[in-house]
Structure formats: structure tokens, C-alpha cells
Number of protein chains: 2
Amino acid sequence: MSYIGWSIQDWVKFHSDSTPEQSFALLSQVLTSQSSDDPAWISLVSPANLQHQWDFLQSNFHKTQLPLYGVPVAIKDNIDVKYLETTAACPSFAYDPQEDATTVKLLRDQGAIIIGKTNLDQFATGLVGTRSPYGVTPNTFNAKYVSGGSSAGSASVVARGIVPIALGTDTAGSGRVPAALNNLIGLKPTKGIFSCKGVVPACKSLDCVSIFALNLQDAQLCLDIMAKFDGDNDEYSRSLPTNPLRAFYKPTIGIPNNLLWYGEEENPKVYNKAVSVFEKLNFELKSVNIDPFLALARLLYEGPWVTERFVATEEFFQTNPPEKDLDPTVTQIIKGGEKYTAANCFKSEYKRQALLQQINKIMNQNDVIIVPTCPLNPSIEQIQKEPVKINSYQGTYTNFVNLADLSALSIPAGFRSDGLPFGITLLSKKFNDFALLDLANQFLKANSKNRFAGCLTDVLIGAADELNASLPKPNPQTSIELAVVGAHLKGFELHWQLQKVNAAFVKQTKTSKNYKLYCLPKTGPVMKPGLRRVNPEEVDGAQITIEVYSIPVETFGDFIRLVPQPLGIGSVELEDGSYVKSFICEESGYKAPGTIEITKYGGWAKYIHYTKSQAKKPF
Amino acid sequence: MSYIGWSIQDWVKFHSDSTPEQSFALLSQVLTSQSSDDPAWISLVSPANLQHQWDFLQSNFHKTQLPLYGVPVAIKDNIDVKYLETTAACPSFAYDPQEDATTVKLLRDQGAIIIGKTNLDQFATGLVGTRSPYGVTPNTFNAKYVSGGSSAGSASVVARGIVPIALGTDTAGSGRVPAALNNLIGLKPTKGIFSCKGVVPACKSLDCVSIFALNLQDAQLCLDIMAKFDGDNDEYSRSLPTNPLRAFYKPTIGIPNNLLWYGEEENPKVYNKAVSVFEKLNFELKSVNIDPFLALARLLYEGPWVTERFVATEEFFQTNPPEKDLDPTVTQIIKGGEKYTAANCFKSEYKRQALLQQINKIMNQNDVIIVPTCPLNPSIEQIQKEPVKINSYQGTYTNFVNLADLSALSIPAGFRSDGLPFGITLLSKKFNDFALLDLANQFLKANSKNRFAGCLTDVLIGAADELNASLPKPNPQTSIELAVVGAHLKGFELHWQLQKVNAAFVKQTKTSKNYKLYCLPKTGPVMKPGLRRVNPEEVDGAQITIEVYSIPVETFGDFIRLVPQPLGIGSVELEDGSYVKSFICEESGYKAPGTIEITKYGGWAKYIHYTKSQAKKPF
């Protein structure tokens, strides 16, 4: 049985078709197939630990409903996993964590099985994947090239299809760059929505846990699972809004007109091809000067934020760790953080704020900006020659993102003529993480309906990129359920008004037997029905088919603006006797001359279908 | 003619009743009455400059509609006013500003006349008003006591009724403390909503321009005028939301259970009396532990934010200014900012973020927290003995406010037995500035309907605290106008539902002649009407009196949740033929048995009045 390249859904399906023994056997096979020589792994769970995890999962009464039931995952080795050492790729830094990091716990609570901890640029300082005493993690497409980093191992094990999901971290590109270089989805969430409790800090004020996945649906599911407020444990934790944006409605997409490629010639071609796909999708594309973004990236690189890395490792370096355990480039960078003064800090912060004023202006004019994830696909030899310069080039389009508090999603964009992959990153304002996945889905479908999973040329991803329409769940405290009756039904002319206010489909249902439906006289371009509750003495009401949507309460007003007289928003009785908000109609509407009663069709869709079938008749 | 103690409204009224010559004569009198020996002033405009300002104002075609037409104001001398030196209370620091600070320009654009620049603790570093080579500014009640600072002079000239309004700055209490010690309104706006362009920075990341006023209405008017986004000129500028909260609806008020008084015995009594007033107002009072706030205050005092003061004056101190120009305490404090490292900065920032998680939890449970503005009323002698310690005590309840990004309003709370005033500060989340004024109005009315203006025992403020109901103006892009017909009218049972969603009254008006009104059968505790648009063939419709409110679009959904069947929100035709959103009613509602047509009364209020008058009849 080959599990290689399986998505979360493939694993869940396998388990549901298997006995627990078969399930555990396959998970054991995943573990035993791994070699300790594989530089992607720093540690693997013991067979006993795997058994323990499995037994614990079996004791969960609701186990089979868990969305990650029995799904193997890998965790970057700067994130705590109980019973495994956390090394941050530095042997003498290693410690035994007392508990799981919050993100690991959330995955486990949903059924995930941790397989092992993955290699990284030491202390998550690097974008290359070569800065580790545990070995260089090679690119999964061509071992002469770098995997990208710092989350090198997590990218490698997902790209090779060993696990469908791995966690990385992403302070300045560490999650996005290796995703791009290994043909993966790399989701860098909005800062703070994933807890950093149990993560070795790099720059604490900027750190994010990130997701590596083969397809968008898997990334979306993990985003939904891990976005939980954790303010008691993480000073930078923030809540995702209770009704985060699900999709951009007619987005304006900014295309930078001043990209830096550092002499690279292949990647601009792949990038431009990707842009042309967005063009074909009929989005509004806008040329945009990203100078303030680039200036912010330089500010991170040249400014005092590196002192955060110094602060995070200060005590460790005071122990005089053996040199063999230290990556010399990383040590040099971190020690460089000592020299900055508080005055440097505040001056840089003022510069950042001034740049943010410019950046916010740009982000107010563009729903999304599309940048290369990284400009280059460096070889290991190149990095060994110029360990700092090329690394810094690679951060051009990732360094500024957390400083500007943006959401970012790196996605596969195609291949170069040498077969290496290229990735683009979709950038948006904070909390637009789910909407970026939706946009990525549209792009990937249009760019390559069936693309390779990671580096696996025999595993194709087709439907697996399709998002789960019901994520995230609408919150009844912050949403209003609204029944729509006519032109707002799915497939009808005004359905876009629901999309525009970030509405989520709840169900199709019927009214109670107390209603009549009328086709109102046409006064505008769109035909509309009027729903009428029968009067107390009337006995010939009927059930009318309707659709219920959940609309964020803060956008409900925007929706209601669009509702013209004689329609309004009142309440409708459903077939179960409960009431939800609904379109209603003033009496003067359905008493107007030209109104046709259409109750007998049982709903607007059937009536429209009938009129169309009539229109087709040859006589 | 004595202008002493005049409010903005008094000045505007005087000007509207006077010839331009009389107006200018009185403004000249204000200026010539000032003495250059008065330590509250650092500089006064020249008579020629006053003439120039007046002439310029006269050239404005719309001058008489300006809300500050001919109103004299004073400006703290760390805020740029063209043609006057900015000294920041340090003679050798002085420079000639090329233009007005943004806030000064905004006041001038609305008709204000600048009289002069006021004294301050040097570089706005202090809460006492004694740290200035331009002299000690005495308390306006008793010259043996400090005025409070750093905005000492601005407080003094307003408390003495010389000008109705003065600008201060408030980084850590500089606007609130002197307001409290001189019986004034001290409005410390949400960080960023007033531009700091043209302000000598103290701690740039925390600085605010603040307002001193004799009454709430004047403060409210200036808040409305000065809250303008200025992102191109101020890196910390932020927009006030387009529909800021106007009033707290049934607020929960947190009363600290662990206040520090440093041995003071009088002020706790005045404070407790003020709390008892809130109790009598029937607000929900909640005991709250403010340890995280106090810890944040200490963090400001002991932490690297003082480096911002060092950064702001670094170049100046490099010029080796003469010692006579420097306040030794201020110099010592500022030079202390040099020693901090970037590591100190980040460590303190992490602590702040951890405290903010706790503070945000408290602010989510309390709409407002009420603290003493400052614990003590120190004498000048005391401060001269212990210039640093008592100053630091005074910041106990102000230091943390900008670090926690709160809005704050200091208001007079009463007098001690020695006649000195005591102030309390209302704290709330950011952007609640207008709502704090509304709460303060309720308190001041209940506490002392007619209170003294500043230190003037012959000028009383009664109605002058009443707020202007139409500020801030609702934005049609972000609000929805809604006509209410029955129980939501002003004075009726469900009017609170409008208050709860921050609705602003727009107008009373009538529908077109196409409506009928019904009293629906009573199904709950509240009687409700149903508005019905007549059918196309009906000719006996009538006009119905309604009220229109502007509701922020983001709260409209919250309002609509509260609307039960058979009512709904549709559209109504007004007497001018336009349509606005309105309550409508399903036919099944007014066709239900027990409905009474009440069209002939012309509106719900008249019908209810009629039923009540009927009920009173003895037969």
C-alpha cells in the first residue's frame, strides 16, 4: 500500500475503509520507511511513541469524526512536541519540552499523528536550508539545489509525499520560500492567529507558525483548526474575526511594476505567465509600485529586529556552546543583534510607521498584491560561495510581510525549463487568509487543472485544491441567517449581492405551509418574486422553496441597502416552525397590476425553469 | 466688557451680536490684558499678528458660519504656530516654524484666533509645571501648589477663563494631570486621531495633542474639528472610525479595588463620592483589579520609552546648549534614555504585549474604567524637595494609557476641604472619545448641575456641558437612514434599541400621502403599529409622521435582529418623494383580528396620546 502523496482526505478515507490494525500498520510503515540519514528529519518518534499516540487516539469516543483522524504530520524542530527534543537545529540548545506547542496540540486534538521533527536553518535564521549541523536539506526536485529555508525539512517531507501536512515557522519567509522551491502550498497566516506558545522565538514580535500542504483544501482545514486565540499563553496572540472574509468579491489585483530579479531570467517568464492567468480570469489588474514594501524589507534586514534573535538566544550563547554545534553564518547574524541601541530601535520603528502609511494606502487600493515568493532558485554551491548575499536576495518579497501585518499564501506557479518549480505569493491585508485560499483556487484551476503533488510526477492534484465551502463555520452570535426567495438564489442574477457581503450558504429548505408566492411586475432588469404570508383566515397557503445564508452581522447593513421597495427584510416561518430573517414584500407590491401568482410552482427556480421551457416551444 | 470665563458659544454669540470692530477690539483686549510676566505664557502674538489673523478671517466668505469664528485659543509651546517661535520651554532649542502644526491649522480654518504659546515642563517631560526656565506655573486655585504639567500654561490660561480652549500634549499624563489640578476638562484623544505634525516629539510612538476646555461641549467641538487623518504628514496618524461610538448603552463601569494613594487622605474621599454618583446613575459598577495597568505604568516609567525623548532631542544636546536654558531634572531624565539597548526595547515590548493581553480582557468586560486622574495635589515646595518621586506618583493613572491605546477624559470631580480641585479620568477602548464625553455629561449633571468654570468662582457652567447632539456627523457612505414609525420613536418603549446601535437622530418628517397606519393586535409587552403602503388603486392614503435616524451600517444587522414578525425593514416614500429604509409590515399582520386602523391620527405618538387621554376620562 503506497501512501506517498496522499492528501488529508486520502488518509481519512483509507482509515475509514480499514480496520484499526490496518490503519496502525500503515502509520508504522510511514515511520519505519524513514531513514535517520535523511537530512530532512532531525528526529523521528519511537515506535512506542507512535503506538502511544495511536492508542490515545483510539480512546477518543468521537475519533472517527475528527478531521485529521490518523493523519501523519511533521513538525519543524523549533516547535515543541512532547516526548521529542526541541533542537532548533542546534544540538547543545536541545531541551525536552514539557508539553506540546499550542498548534501541535490543536492538530493532535483533531486526530493528527506526529511522525517526527524536521530540519531547519539553525534558530530559523536563513532562507536556504543549508545552515544546519544536522545537514543540508536538498531540493526535492534536484539535489544540487537548495530546499529553501528555514523550514527546509518540513517542505522536503511534504514535497516527497511522506506526510500531507507539516508545520513550519515563518518570520521573514521561512515558510514561503521552501514552499515555492518545492512546489507546495505555503500558508503564512496573519500574525498572531496561530499561537506561538511552544515555539522557539526567532523575532518574537514577527514570528508565525506556517503550514506546508500539497493542496489548498488541506491547508484550509489546518488553518481552520489552528486559528484559535491563545492570549493567556502568547503575548502576540490575536483572534481571527468571527466572520473572516471567505472570498474577494471582484478583487483588484496589484501587479508590481518594479520587481527585482537580481539577474535571474527564467523566473520572470514563469511569473509573467502566472500574471497572464489572473488576467484571463477577468480580475482587475493594476500596476503598482512596491517601493515602500521593498524599503520595509530592507529595514528588516538592516535594522534592529535582528536583536530579537539575539534576545531569544542570549542565555544559550552565554553557556559557551561548542562551535561544532553552531552554524557560523547564523552565529554571526545573531551576534550582530547585540550592537543595536534603543535609539536604533525607535528610529527604525518610526521609519516603519512612515512606510506603513504608504503601504496601507496601496493595500486600500488593491485587494491582493502578487509577488514572486522568491526571485531565485539557488544551487547549494552558490549558497556555499555567498552564504549571506543570495540568502538576502531570497527575502526580497517575504521580509516585509510580517512587518506590514499582511496575510500571505505562496502557491505553485509553474516550472522553469530546468524543471525546478517557481512560486508566487498572494498578499492581502491581515485576516484575509481564507479569502487568499479562494483566490488561489481560482488561479490553480485556471493555470493547471491537474498539477503535480510536490516533486511527485506520478501523483496529480485535481479536485484536491477545491475548498471546503463550509469553512470557517459562521458564528451565530456574529451572523444573521437570511432566507432568500428569488433572484438571490444560487445561479440567479442577484446572487453576487450575497457574495459581496461574505455570506455563507447554510441550507436549502422550505417555508411553512402559510405562504404564497407572486411574480412581481417587472420594473427593472431583474425579475423578482414577492413572498406573502397568508392572512389568518386563509387556508390555501403552501410551502415555498428557499435558500438560507449566514451573513456577517456587520455586513448585513450593506446587503439591506441593496433591497428596493416593495421588498424588505422581515421574518419567515420555516417548515419546522422556526423563524429566520427573510425577504418579505409589501402588499402594494403583489397587488400591483401585472402580478402573477406562482405559488403552485413551489418556488422561484421552478417557476423560472417553467417560463424558460415555455419560451423554447416552437409555437 | 468681560470675556473672562467665556465658552466658545459665548464668544460666537458675542461676535454675532457685534460689529467686526467691536469683535476685534475685544480680542485686542484679551491680548493686551496679558502680561509677559505671567509664567503661563511663553510668548504672545504681536498686535500686528492679531490684526493679520483677524483680517485673514474677515476675508473668509463663510466666516460667520465657522464654529470657532473669532474664538481666542492658546497653544502649548511645543506645538508649531507660524510667526511664533517654538521653544518647548528651552530658549536655545527655539526655532521659527515654517507652518502651523496640523491641529493649529484645523482650528484656524474654523475661525480660531491664536493668542499665544504657553509654558510647559521642558520638552514636555514632567507632570508638575515647575520644570521650566520660563518660570513655575502656579496652580490657579492656590499659588503655593503646582499647576500640574507638562501642559501647565495651557491649563492655567483656560482655568482663569482667558481663553475657552487651549491645546496641550499628553504622552503620559501631560494633558490630564494639569486639567485635574485646575478643575478643567482634559481630553486625551485616542492615539493618532489628532495629527502630531508640527509637534516637538516627546515619545513619538505615544504622543497625543490634547484639549483643555471649561466645558464638555467645547471639548467635543474641538475633538470633531481636529480628528482628521493626516497619514502623509504623521507616521502615527490614524482615522477615527466614520461612525464612532456616540454613547455607551447601559455601560459596565469598572471601579479599581487597588488604587494607590501614597498616603493621601483627602482625595480618596472625593474619589469615592464621585463613584457614588455613578452608582446613583444606575450604571452597572464592577470592582476591578488594575494590577496590569499599574504594571504597564511602571514599565513606561522604568523602561526604554524614555529613549524616545533622547532620540527627539539628541541633535539639540549635541550642540552643547548653555546650562541656564536646561532644566536639570529634565536633562537628567532625557540623558538617561541613552543607555538602553535594543535588547531592552524588545524585552520591554514583550512585557507590554503580555500586559496588554490582560488589559484587553479587562477592557472587554468593562466599557469604562474610572480612575483618579492623579493621586496628589502637591505643593511647589514638595516638588522642589522631591522633584522626581512625587512626579512619578502623579503618573500612576496616566502613564499606562497611551501604551494601552485607550481613550481618556479627565473631568472635574469636586473639591477637597482645602479648596483644591480633584479630577477623575474615564478610560475606554480606543476611538470611544465621543462616548466618554456623553458619559461625562451624565456624571457632571448628576454631580453638580452648575459647577465653577476653572478657578472662577463667579462663572458657573450649567447647560454649557450639554453636548451637541449632531456631532460627529453621520457619514452617508457608512450609515443607513432608517425611518421609525412606532415604539422606536423618541420617548417610546423601544427607543433604546436605536441607542444600542449608536444611531443618530436626523429629523422628524412625514411619509408621502400613500400610507395607512394600523395598531396591531398586542402580542407582547409593547404596542406596535404597522405601516402599510396603499395599493395602486387606493386613493385614501395619508401622510404619517415618522422619525429618521442614521444607523452605522455595521450595526444595522444588530438592529434588524431585534425586529420581529410581522414587521420588517423595507422602504418608505417620504413627503418629498424620496425613499429611505423604514419599518414595513406584512399584510398578515394588519389583517389579523383585533387590528385597528389609526391613519386618521397621522402618527403613532398622536394615537398613543389619544388612548392615554381616553384612559384618563372618569367615565
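As shown above, the structure is provided for reference.
Here the structure is a predicted model, which means the values were calculated and not measured.

Chemist: Explain the interface of chain A and chain B here, please?
Modeler: Many structure descriptions define interface size as the accessible area lost when the parts assemble. Contacts between the two partners involve 64 residues from chain A and, on the opposite side, 64 residues from chain B. Of the roughly 5,000 Å² buried between chain A and chain B, counting both surfaces, carbon and sulfur atoms make up 56%. The largest contributions to the chain A side of the interface with chain B come from Phe346(A), Tyr350(A) and Gln357(A), which together make up 13% of the buried area. Summed over the shared surface of chain A and chain B, the result is eight salt bridges.

Chemist: So what exactly am I meant to see when it comes to the pairing of strand β13 (residues 456-461) of chain B here?
Modeler: Looking along a regular strand, one sees the side chains alternate between the two faces of the sheet. All names here are of chain B. In this structure, strand β12 (residues 451-453) lies alongside β13, joined through three bridges in antiparallel fashion. Across the sheet, Arg451 pairs through a bridge with Ile461, a residue of β13. Adjacent in sequence and paired antiparallel, β12 and β13 are bridged by two residues, among which Gly454 carries a positive phi angle near 50 degrees.

Chemist: What's the story with the sheet that holds strand β6 (residues 209-213) of chain B in this structure? I'm lost.
Modeler: Pairing between the strands of a sheet is mediated by backbone hydrogen bonds and can be parallel or antiparallel. All names here are of chain B. Taking strand neighbours across the sheet as the criterion, the 11 strands line up as β1-β3-β2-β4-β6-β5-β10-β11-β9-β7-β8 in an open arrangement whose pairing is mixed. Because the sheet does not close on itself, it has two edges, and the strands there are β1 (41-44) and β8 (284-288). Shown here is a sheet whose adjacent strand axes are inclined to one another by a mean of 25 degrees, direction ignored. Sitting on the sheet, helix α4 (residues 102-109) touches β2 (72-76), β3 (113-118), β4 (165-169) and β6, and the angle it makes with β4 is about 165 degrees.

Chemist: Can you help me understand the packing of helix α10 (residues 306-318) of chain A against helix α12 (residues 342-365) of chain B in this one?
Modeler: Direction vectors running N to C along α10(A) and α12(B) enclose 80 degrees, while the axes themselves pass 9 Å from each other. The angle between α10(A) and α12(B) falls in the class roughly perpendicular. Each of Thr307(A), Glu308(A), Val311(A) and Glu314(A) in α10(A) lies in contact with α12(B), whose residues at this interface are Ala342(B), Ala343(B), Phe346(B), Lys347(B) and Tyr350(B). Considering only residue class, the contact of α10(A) with α12(B) consists of five nonpolar, one polar and three charged.

Chemist: Would you take a moment to explain the nonpolar core for this structure?
Modeler: One finds Ile211(A), Ile424(A), Leu426(A), Ile211(B), Ile424(B) and Leu426(B) to be the most contacted residues of the largest nonpolar core, which totals 274 residues. In this structure Ile424(A) touches Tyr271(A), Ala274(A), Phe278(A), Ile370(A), Val371(A), Pro372(A), Thr373(A), Leu409(A), Ser410(A), Ile411(A), Ala413(A) and Phe443(A), once residues within four positions along its chain are discounted. Judged by nonpolar contacts, the second largest core, of 77 residues, contains Tyr515(A), Ile480(B), Leu567(B) and Phe583(B).

Chemist: Sorry, what's going on with the relation of the copies chain A and chain B here?
Modeler: In this structure, two copies of a chain are linked by a rotation about an axis accompanied by a shift along it. At an RMSD of 0.1 Å, chain A and chain B line up after a rotation of 180 degrees and a shift of 0.0 Å along the axis. Each copy turns onto its partner about a two-fold axis. Most of the interface of chain A is mirrored in chain B, where 100% of its interface residues again form contacts.

Chemist: What should I look at first to understand the packing of aromatic side chains in this one?
Modeler: Two aromatic rings, taken as a pair, are described by how far apart their centres are and by the angle between their planes. Going through the model one piece at a time under the given rule, you end up with 60 aromatic pairs over all chains. Ring geometry for Tyr236(A) and Tyr350(B): centres 6.4 Å apart, planes at 80 degrees, overall edge-to-face. Of the two residues, Tyr236(A) sits in the loop between α7 (216-226) and β7 (252-256) while Tyr350(B) sits in helix α12, which places them in two different chains. Both residues of the pair, Tyr236(A) and Tyr350(B), count as buried. Look at Phe293(A) and Phe400(A): their rings are 5.2 Å apart centre to centre, the planes differ by 70 degrees, and that puts the pair in the edge-to-face class. Taken as a pair, Phe293(A) in helix α9 (residues 291-302) and Phe400(A) in helix α15 (residues 399-403) lie far apart in primary sequence, 107 residues in all. Residue Phe400(A) is classed as buried on the basis of its relative accessible area, which comes to 0%. Each residue in the set Phe93(A), Tyr95(A), Phe123(A), Phe316(A) and Phe317(A) is aromatic and connected to the rest through ring pairs, giving one cluster. Over the aromatic face of Tyr350(B) sits the side chain of Lys204(A), whose NZ or CZ is 5.8 Å from the ring centroid.

Chemist: Where do I start with the environment of Asn402(A) in this structure?
Modeler: Residues and elements named next belong to chain A. By the secondary structure assignment, Asn402 is in helix α15. Those residues within four positions of Asn402 in sequence are excluded, and the remaining contacts are Asp170, Thr171, Lys188, Lys191, Leu206 and Cys208. A polar side-chain atom of Asn402 sits 3.0 Å from the main-chain carbonyl oxygen of Asp170. Looking at Asn402, its side chain comes within polar contact range of the main-chain oxygen of Thr171, at 3.0 Å.

Chemist: Before we go on, may I ask you to explain a nonpolar patch on the surface in this structure?
Modeler: Residues and elements named next belong to chain A. A surface patch of nonpolar side chains, amounting to about 250 Å² of accessible area, comprises Phe415, Phe452 and Leu460. Mapped onto the secondary structure, Leu460 falls in strand β13 (residues 456-461). The class of Leu460 is partly exposed, set by a relative accessible area of 46%.

Chemist: Got a minute to help me understand the pairing of strand β10 (residues 406-415) of chain A in this structure?
Modeler: Most of β10(A) is tucked away, with nine of its 10 residues classed as buried. Counting the residues in the hairpin turn of β10(A) and strand β11 (residues 421-429) of chain A gives five residues, including Gly419(A), whose phi is positive at 90 degrees.

Chemist: What am I meant to see in the sheet that holds β10(A) here?
Modeler: Residue and element names in this part refer to chain A. On the basis of which strands lie adjacent, the open sheet formed by 11 strands has the order β1-β3-β2-β4-β6-β5-β10-β11-β9-β7-β8 and mixed pairing. Edge strands, defined here as strands with exactly one partner in the open sheet, are β1 (41-44) and β8 (284-288). Averaged over all adjacent pairs, the angle separating strand axes in this sheet is 25 degrees, with direction ignored. Alignment of strand β2 (residues 72-76) against strand β4 (residues 165-169), held across three bridges, turns out to be parallel.

Calculation notes
Residues numbered from 1 in each chain as written. Chains lettered and ligands numbered in written order. Predicted model: local features only at pLDDT ≥ 70, side-chain atom pairs only at ≥ 80, totals over all residues. Heavy atoms only, no water. Contact = heavy atoms within 4.5 Å. Buried area = accessible area lost by both parts, 1.4 Å probe. Salt bridge = Lys/Arg side-chain N within 4 Å of Asp/Glu carboxyl O. Pairing = 2+ DSSP bridges. Helix = DSSP H or I, 4+ residues; strand = E, 2+ residues; numbered from the N terminus. Axes fitted to C-alpha atoms, helices over the stretch in contact; angles between N-to-C directions. Parallel < 35°, antiparallel > 145°, perpendicular 65-115°, else oblique. Nonpolar A, V, L, I, M, F, W, Y, C, P; charged D, E, K, R; others polar. Core = buried A, V, L, I, M, F, W, Y, C linked by side-chain atoms within 4.5 Å. Buried < 20%, exposed > 50% of the residue type's maximum accessible area, 1.4 Å probe, protein only. Least-squares fit on C-alpha atoms with pLDDT ≥ 70 in both. Phe/Tyr/Trp six-rings, centres within 6.5 Å; stacked < 30°, edge-to-face > 60°. Lys NZ or Arg CZ within 6 Å of the ring centre and 35° of its normal. Polar contact = N/O pair within 3.5 Å; in protein donor to acceptor, adjacent residues only side chain to side chain. Patch = residues over 30% accessible without salt bridge, like charges linked within 9 Å, V, L, I, M, F, W, Y side chains within 5 Å. Areas by Shrake-Rupley, 256 points an atom, 1.4 Å probe, with all protein chains shown as cover.

Note that all results are geometric; they support no functional claim without further evidence.
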